[in-house]
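Read off the chains here:
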Amino acid sequence: MVQRVTSLGLSCASGYASDLEELNGPKWREKASLSRTSATAAYCKIIAEADAVETVGAAFILYGALVVGGGKSTQAKVKKIFPNCNHSLYDVGEDMKELRKKYMRTFTDIGKEWPGDVSDKLEAQAERFMALNNTVVLSIRCWGQKATLAALGAASVVAAVCVAVYKMRHN
């Protein structure tokens, strides 16, 4: 089952590393390590310990975003937002139309070749890894600790004022 996915020839790690270096400089690994959230660490551990069905479910989600939703057209759109990066992550294939067909055919064939319980487990694992991806994305702190503390402080002041106003009106 895993061999079927591997036969797609998808390899995105080097493109992703290249993009991270372009965006964050030569010490990008250190920066990434320092910003690693507990959700990211948990996700990496799950993938490292995954069995074949979990691995294929994760691959469906991880590669799907790049094959079905990515490619050269997405690369061009993202480059408009971040022009100082080649966005090599999106270089998953020259003929995206054919790659999408092959990708979908591969996963459809896996579902047919391993029907019943295995197919149900694959679907459940794909859903699980989509949720895990979302958890990782939502765990990323985009504005940093100072902005988060300032926002929490402001929210606390607003809450305190609301409580005070409520008490004044209801006493």
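Residues numbered from 1 in each chain as written. Predicted model: local features only at pLDDT ≥ 70, side-chain atom pairs only at ≥ 80, totals over all residues. Heavy atoms only, no water.

Some thoughts on the overall build of the protein
Helices and strands together make up the secondary structure of the protein, namely 9 helices and 0 strands. Its helices and strands taken in sequence order, the protein reads α-α-α-α-α-α-α-α-α from the N to the C terminus. The burial tally for the protein puts 29% of its 171 residues in the buried class. For the protein, the proportion of contacts with a sequence separation of at least 24, taken over those separated by at least 6, is 77%. When the accessible surface of the protein is summed, it comes to about 11,700 Å², and 60% of that surface belongs to carbon and sulfur atoms. (Helix = DSSP H or I, 4+ residues; strand = E, 2+ residues; numbered from the N terminus. Buried < 20%, exposed > 50% of the residue type's maximum accessible area, 1.4 Å probe, protein only. Contact = heavy atoms within 4.5 Å. Areas by Shrake-Rupley, 256 points an atom, 1.4 Å probe, with all protein chains shown as cover.)

Observations concerning the confidence of the model for the protein
Confidence in the prediction for the protein averages 82 pLDDT; 83% of positions are at 70 or higher. Within the protein, no element has a lower average pLDDT than helix H9 (residues 144–169), which sits at 63, and none a higher one than helix H4 (residues 38–48), at 92. (pLDDT = per-residue confidence, 0-100.)

Some points on the pattern of salt bridges
For the structure shown, the criterion picks out 4 salt bridges. For Arg4, the salt bridge goes to Glu113, with nearest N and O atoms at 2.2 Å. Taken together, the positions of Arg4 in helix H1 (residues 2–6) and Glu113 in helix H7 (residues 96–113) put the pair 109 residues apart, joining distant regions of the chain. According to the relative accessible area criterion, Arg4 is partly exposed, its value standing at 30%. (Salt bridge = Lys/Arg side-chain N within 4 Å of Asp/Glu carboxyl O.)

Observations concerning helix H8 (residues 117–139)
In this model H8 runs 32 Å from its N-terminal to its C-terminal C-alpha over 23 residues, within 8% of the 33 Å that 1.5 Å per residue would give. Every buried residue of H8 is listed here: Leu122, Gln125, Ala126, Phe129, Asn133, Val136 and Ser139. Against the buried residues of H8 lie H4, helix H5 (52–67) and H7. (Expected span 1.5 Å × (residues − 1).)

Describing the layout of surface pockets
Considering only enclosed or pocket space, the largest pocket measures out at about 2,100 Å³ in volume. Elements represented by at least two residues in the lining of the largest pocket include exactly helix H2 (13–24), helix H3 (28–35), H4, H5, helix H6 (72–81) and H8. At 9 residues, the largest contribution of residues to the lining of the largest pocket is made by H5. Across the lining of the largest pocket, the residue classes break down as 30 nonpolar, 9 polar and 6 charged. Estimated volume of the second largest pocket: approximately 160 Å³. Forming the boundary of the second largest pocket are Val56, Gly57, Phe60, Phe107, Ile110, Gly111, Ser119, Leu122, Glu123 and Ala126. The set of elements that each furnish at least two residues to the lining of the second largest pocket consists of H5, H7 and H8. (1 Å grid on protein atoms, 1.4 Å probe; cavity = no way out; pocket = protein on both sides within 12 Å on 5 of 7 lines; lining within 4 Å. Points joined across faces, edges and corners; volume = space filled by probe spheres on them. Nonpolar A, V, L, I, M, F, W, Y, C, P; charged D, E, K, R; others polar.)

Notes on a nonpolar patch on the surface
A cluster of nonpolar side chains, contributed by Leu23, Ile81 and Phe82, occupies part of the molecular surface with about 320 Å² of accessible area. Mapped onto the elements of the fold, Leu23 is located in helix H2. Under the relative-accessibility criterion, Leu23 is labelled partly exposed at 46%. (Patch = residues over 30% accessible without salt bridge, like charges linked within 9 Å, V, L, I, M, F, W, Y side chains within 5 Å.)

Some points on a negative patch on the surface
Taken together, Asp117, Asp120, Glu123 and Glu127 make up a surface patch of like negative charges. Along the chain, Glu127 falls in helix H8. (Lys, Arg positive; Asp, Glu negative; His and termini not counted. Charge placed at Lys NZ, Arg CZ, Asp CG, Glu CD.)

Examining unusual backbone geometry
One non-glycine residue, His87, lies in positive phi territory at about 55°. Counting through the fold element by element, His87 comes out in the loop between H6 and H7. Classification of His87 as buried rests on a relative accessible area of 4%.

Side note on the environment of Cys12
Structurally, Cys12 is set in the loop between H1 and H2. A relative accessible area of 12% places Cys12 in the buried class. When the C-alpha atoms of Cys12 and Tyr90 are compared, they prove to be 8.0 Å apart, with 78 residues separating the residues in sequence. The contacts of Cys12, once residues within four sequence positions are left out, are Tyr63, Leu66, Leu89 and Val92.

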